[in-house]
Amino acid sequence: MKRLRRRRFLRIGGLAALGSVAGCSAPTEPAGEDDGSGSTGGASGTTEAASTGSTPNTRVPTPTETGRPTPTFDGSAVVLEPVASGFSAPLDFVAPEGTDRRFVVDRNGRIWAVSESGRRETPFLDLADRIILGSERGLLGVAAHPSFASNGRLYVRYSASSRAGTPDGYSHTSVLAEFTVDPTAQVAEDPRERTLLEVPQPQGNHDAGAIAFGPEGYLYVPFGDGGGANDVGQGHADDWYDTVDGGNGQDVTANLLGSVLRIDVDGRGGVEGRDADKPYAIPEENPLVGREGAAEQYAWGFRNPWRLSFHGSDCYVADVGQNAWEEVNLLEAGGNYGWNVREGAHCFQREECPTTGPDGQPFVDPVAEYPHEGGEISGISIIGGHVATGDAVPNLRGAYVFSDFVARGRLFAVDPGREPPWTIATVPVTGDTELGQYVLGFGRDQAGDVYALTTNQSGGDGESGRLLRLAAP
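Attention in this report is confined to the structure presented alongside it. Computed from a predicted model, the values in this text were never measured in an experiment.

### Here's the deal with the side chain of Ser309
Examined against the element boundaries, Ser309 turns out to sit in strand β15 (residues 305-311). Within the structure, the side chain of Ser309 is placed 2.7 Å from the backbone oxygen of Gly385, a separation counted as a polar contact. Apart from the residues within four sequence positions on either side, Ser309 is in contact with Asp314, Cys315, Tyr316, Gly385, His386 and Tyr400.

Given below as structure tokens:
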């Protein structure tokens with residue numbers, strides 16, 4: 001028993017300093033829980049407002065940009081300017097630096113070039129024959145290499161049928177692939193695909209999917225806990241916290257699930273000759289390098305980090321809760337964000353719970369959170385956004401703008417320059433154009449303006465998806 005406890009300690013040790021959601025009303029929403037019962041929330045045993053008694057995270061972010069504007073939320077309503085339509089379930093928006101290109105990522109497997117005139121008739125890149133849909137699967141995220149204008153490299157997250165190495169009974173394989181295309185072409189002819197990573201997925205939800213390059217040029221790749229509910233069941237590891245069963249969020253050795261990875265796509269092989277056959281390199285500063293655990297992992301303790309984005313050196317990770325709390329996190333190297341010991345900053349399924357891992361390292365608290373019930377600031381599945389830096393909505397310059405999956409005609413915003421936890425403000429949508437039934441993602445263009453990606457059919461069917469630019473009334 002002592003040796004087992006030692007191994008559990010090492011799993012969390014060495015910290016260096018981040019479809020079908022059956023628990024919610026819509027059967028095809030992108031991020032939530034599935035307890036297998038068809039419940040619409042409020043699973044028994046979940047303590048919605050139990051306090052951890054933890055010490056709040058007092059980290060004050062210091063945005064990289066000098067002279068960061070301070071948002072003023074008074075009178076911060078927005079109108080929505082339609083830019084493109086005809087998508088099925090648009091999840092992501094890519095605006096490569098050094099170009100005037102803009103792309104919309106549709107869950108059904110297609111990447112569309114868009115302009116002020118709308119969406120082109122032919123997809124820029126069609127991957128529909130590679131993906132599987134259903135639950136939360138599909139084409140889930142794309143990031144352009146920082147040098148895309150010269151090298152044409154796109155990095156893509158998609159759900160594929162089970163590949164070699166995926167255990168029997170699993171739902172599918174999550175794929176991270178590199179595609180090399182002509183960066184100036186209207187249609188990517190004969191794109192070259194190179195698979196970087198294949199991750200077996202036990203269930204069809206909690207894939208996460210957004211990917212982003214950090215300011216140092218490394219690629220950040222989030223993965224959910226494997227799906228289902230409570231981080232338990234097939235494909236979910238046993239961890240150190242015996243009070244609640246599970247799970248992948250608190251384990252860093254069994255698989256890559258429940259974590260945000262950081263890899264160097266411009267390198268090859270592992271650190272100091274380890275894992276030399278990998279088609280990417282692992283940054284030497286990653287917190288588990290030289291320790292027990294998968295060295296790709298940069299932070300863990302996540303349930304379903306559906307969307308993430310960078311502003312300067314700050315990485316905002318929106319992690320979808322189960323039945324009670326939705327959260328925004330700032331990514332820290334080696335940070336343990338608590339799932340499934342906690343949901344947000346609250347104990348999960350218990351009145352009391354630890355405030356640290358077994359090594360004494362405190363869990364990282366959310367910088368903002370909101371409940372599933374209890375007034376205007378509430379929802380069912382957080383959809384992470386971006387910091388607005390453009391001039392389209394002057395009152396929101398410097399604000400992190402995000403939403404809930406069921407937006408109910410409003411957006412959310414916080415001021416990331418304040419000391420956390422941040423107060424969430426509502427941003428009403430006015431004018432003739434409405435958000436629609438579901439918000440699936442956000443984007444930011446080269447000028448710093450923010451876009452919302454919406455649809456009335458989130459499962460990958462239909463043509464109700466739109467790209468909408470946020471503007472001042």
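Back to the write-up after that little detour.
### Examining the sheet that holds strand β26 (residues 450-455)
Reading across from one edge, β1-β27-β26-β25 is the order of the 4 strands in this open sheet, with antiparallel pairing throughout. Where the open sheet ends on each side, the last strands, each with one partner, are β1 (79-87) and β25 (438-444). Adjacent strand axes in the sheet meet at a mean angle of 25 degrees, parallel and antiparallel pairs treated alike. One ladder, built from 4 bridges, connects β26 with strand β27 (residues 465-471); its direction is antiparallel. Bridge pairing in β27 links Leu453 to Leu467.

### Observations concerning unusual backbone geometry
Glycine aside, a negative phi is what most residues show, and trans is what most peptide bonds show. That bond from Trp339 to Asn340 is cis: its omega, 5 degrees, falls within 30 degrees of zero. Following the sequence through the fold, Asn340 ends up in the loop between β17 (325-330) and β18 (342-343). Here the amide bond leading from Pro420 into Pro421 is cis, since omega sits at 5 degrees, within 30 degrees of zero. Tracing the backbone through its elements, the reader meets Pro421 in the loop between β23 (410-414) and β24 (425-428). In this structure, Asp190 takes a positive phi of about 50 degrees despite not being glycine. Using a relative accessible area of 71% as the deciding quantity, one classes Asp190 as exposed.

### Examining the nonpolar core
If you look at the biggest cluster of nonpolar residues, it comprises 43 residues, and the most contacted ones within it are Val78, Leu396, Tyr400, Phe402, Leu411, Leu435 and Leu470. Ignoring sequence-local partners within four residues, the contact set of Tyr400 consists of Ser309, Tyr316, Ala318, Val328, Gly384, Gly385, His386, Val387, Phe412, Ala413, Val414 and Pro416. If you look at the next biggest cluster of nonpolar residues, it comprises 22 residues, including Phe103, Leu125, Leu139 and Leu154.

### Details of the pattern of salt bridges
In total, this model carries 16 salt bridges according to the counting rule given. A salt bridge links Glu216 to Arg262; its shortest N-O distance comes to 3.4 Å. Placement of Glu216 in the loop between β11 (212-213) and β12 (219-222) and of Arg262 in strand β13 (residues 259-263) is noted, with a sequence separation of 46 residues between them. A relative accessible area of 37% places Glu216 in the partly exposed class. A cluster of three or more residues bridged by salt bridges with shared partners is formed by Glu81, Arg102, Glu116 and Arg469.

### Comments concerning the packing of aromatic side chains
Inspection of the entire model under this criterion finds 16 aromatic pairs. Ring centres of Tyr155 and Phe213 lie 5.5 Å apart, and the angle between their planes is 75 degrees; on these two criteria the pair is classed as edge-to-face. Residue Tyr155 is found in strand β8 (residues 153-160), and its partner Phe213 is found in strand β11; the two are separated by 58 residues along the sequence. When the centroid spacing of 6.3 Å and the interplanar angle of 45 degrees are considered together, the rings of Tyr316 and Trp422 count as tilted. Remark: Trp422 occurs in the loop between β23 and β24 and Tyr316 occurs in strand β16 (residues 314-319); sequence separation between them is 106 residues. In this structure, Tyr316 and Trp422 share a single accessibility class: buried.

Rules and cut-offs
- Residues numbered from 1 in each chain as written.
- Predicted model: local features only at pLDDT ≥ 70, side-chain atom pairs only at ≥ 80, totals over all residues.
- Heavy atoms only, no water.
- Helix = DSSP H or I, 4+ residues; strand = E, 2+ residues; numbered from the N terminus.
- Polar contact = N/O pair within 3.5 Å; in protein donor to acceptor, adjacent residues only side chain to side chain.
- Contact = heavy atoms within 4.5 Å.
- Pairing = 2+ DSSP bridges.
- Axes fitted to C-alpha atoms, helices over the stretch in contact; angles between N-to-C directions.
- Buried < 20%, exposed > 50% of the residue type's maximum accessible area, 1.4 Å probe, protein only.
- Core = buried A, V, L, I, M, F, W, Y, C linked by side-chain atoms within 4.5 Å.
- Salt bridge = Lys/Arg side-chain N within 4 Å of Asp/Glu carboxyl O.
- Phe/Tyr/Trp six-rings, centres within 6.5 Å; stacked < 30°, edge-to-face > 60°.

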